Amino acid sequence: MARRSSVASGALLLLCCATWVSATDYSVGDSSGWKLDFDYTAWTSGKSFVVGDKLVFKYAASQHNVEKVNAAAYNACSSSSPISSDNSGQTTINLDTSGKHYFICGISNHCTRGMKLEVDVAESSPTSPSPPSSSTTNTTNNNNSGAGSLSPVHATVAFMGLVVLKLGVF
Ligand code: CU1
């Protein structure tokens, strides 16, 4: 019984690790979530989003929503024709294309009160030591999907997973 659950948790750890390597899930606003009077521009500064990452908006479903909009609607805080909209209370956005992505809350005046988020998504490039430039780089290494580029943290988690698996076996 205990042995079986150890094996399961070890396998789970490994699975989690594999997911972390390929993409990052960003909880929008971190512990604050998606709410009024928060500076989401400040929240994005210092973060670099790449294709494959996810944004997770957490909010009170009765109070807010998440609308994906174009640049014009973002700038004008217009929710008249969003590209997509969700008010489930937890909205996960897959950043599956590069370029700018815009999100607002379409409720009342919430957008003008700070509930607007712009993220600039870069092409996925696992091992790029040079800082991103505004010009287009021609280092498209799509064949290299991150295999062999484990960060120390990921490697540690993978190792822990293996240890748990082993403990479960013996
Ligand atoms: Cu809102």
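Just so you know, these numbers come straight off a predicted model, no measurement behind them. (Residues numbered from 1 in each chain as written. Predicted model: local features only at pLDDT ≥ 70, side-chain atom pairs only at ≥ 80, totals over all residues. Heavy atoms only, no water.)

Side note on the overall build of the protein
Here's step 1: Secondary structure summary: the protein contains four helices and eight strands in total.
Here's step 2: Listing each helix as α and each strand as β along the protein from the N terminus yields α-β-α-β-β-β-α-β-β-β-β-α.
Here's step 3: Counting only residues that meet the buried cut, the protein has 28% of its 170 residues in that class.
Here's step 4: Contacts spanning at least 24 positions in sequence make up 70% of the contacts within the protein whose residues lie at least 6 apart.
Here's step 5: Accessible area of the protein: about 10500 Å², with a carbon and sulfur share of 56%. (Helix = DSSP H or I, 4+ residues; strand = E, 2+ residues; numbered from the N terminus. Buried < 20%, exposed > 50% of the residue type's maximum accessible area, 1.4 Å probe, protein only. Contact = heavy atoms within 4.5 Å. Areas by Shrake-Rupley, 256 points an atom, 1.4 Å probe, with all protein chains shown as cover.)

Let's talk about the coordination of the copper ion
Ideal geometry at a metal centre: 109.5 degrees between donors when four sit tetrahedrally, and 90 or 180 degrees when six sit octahedrally.
Here's step 1: At this site the copper ion is bound by His64 (ND1), Cys105 (SG) and His110 (ND1), with donor distances of 1.9 to 2.1 Å.
Here's step 2: Here the donor residues of the copper ion are spaced in sequence according to H-x40-C-x4-H. Placement of His64 in the loop between strand S3 (54-58) and strand S4 (66-69) and of Cys105 in the loop between strand S7 (99-104) and strand S8 (116-122) is noted, with a sequence separation of 41 residues between them. (Donors = N, O, S within 2.8 Å, 3.2 Å for Na, K, Ca; no water.)

Some points on the sheet that holds strand S6 (residues 90-94)
Pairing between the strands of a sheet comes from backbone hydrogen bonds, and it takes one of two forms, parallel or antiparallel.
Here's step 1: Here three strands make up an open sheet; going across it, the order is S1-S3-S6 and the pairing mixed. Strands with a single pairing partner mark the edges of an open sheet, and in this sheet they are strand S1 (25-27) and S6. Sheet twist, expressed as the mean angle between neighbouring strand axes with direction ignored, is 20°. (Pairing = 2+ DSSP bridges. Axes fitted to C-alpha atoms, helices over the stretch in contact; angles between N-to-C directions.)

A short note on the environment of Tyr59
Here's step 1: Along the chain, Tyr59 turns up in the loop between S3 and S4.
Here's step 2: With relative accessibility at 10%, the residue Tyr59 sits in the buried group.
Here's step 3: When residues no more than four places from it in sequence are discounted, the contact partners of Tyr59 are Trp34, His64, Asn65, Val66, Asp86, Asn87, Ser88, Gly89, Gln90 and Thr91.
Here's step 4: A distance of 3.3 Å separates the side chain of Tyr59 from the backbone nitrogen of Ser88, its partner in a polar contact. (Polar contact = N/O pair within 3.5 Å; in protein donor to acceptor, adjacent residues only side chain to side chain.)

Examining the state of the cysteines
Here's step 1: Per the stated rule, a full pass over the model turns up one disulfide.
Here's step 2: Here Cys77 engages in a disulfide with Cys111; their sulfurs sit 1.9 Å apart. Between Cys77 and Cys111 the disulfide shows an S-S torsion of about -75°. By sign, it is left-handed. Of this pair, Cys77 sits in the loop between helix H3 (71-76) and strand S5 (84-86) while Cys111 sits in the loop between S7 and S8, and the two are 34 residues apart along the sequence. (Disulfide = S-S within 2.5 Å.)

Some thoughts on the pairing of S3
Here's step 1: Both S1 and S3 contribute to a ladder of three bridges, which runs parallel. Bridged to Asp25 within S3 is Lys54.
Here's step 2: Sheet analysis places S3 next to S6, joined by five bridges and oriented antiparallel. Its bridge partner lying in S6, Lys54 is registered against Asn94.

From the geometry alone we can't say anything about function, so treat these as descriptive.
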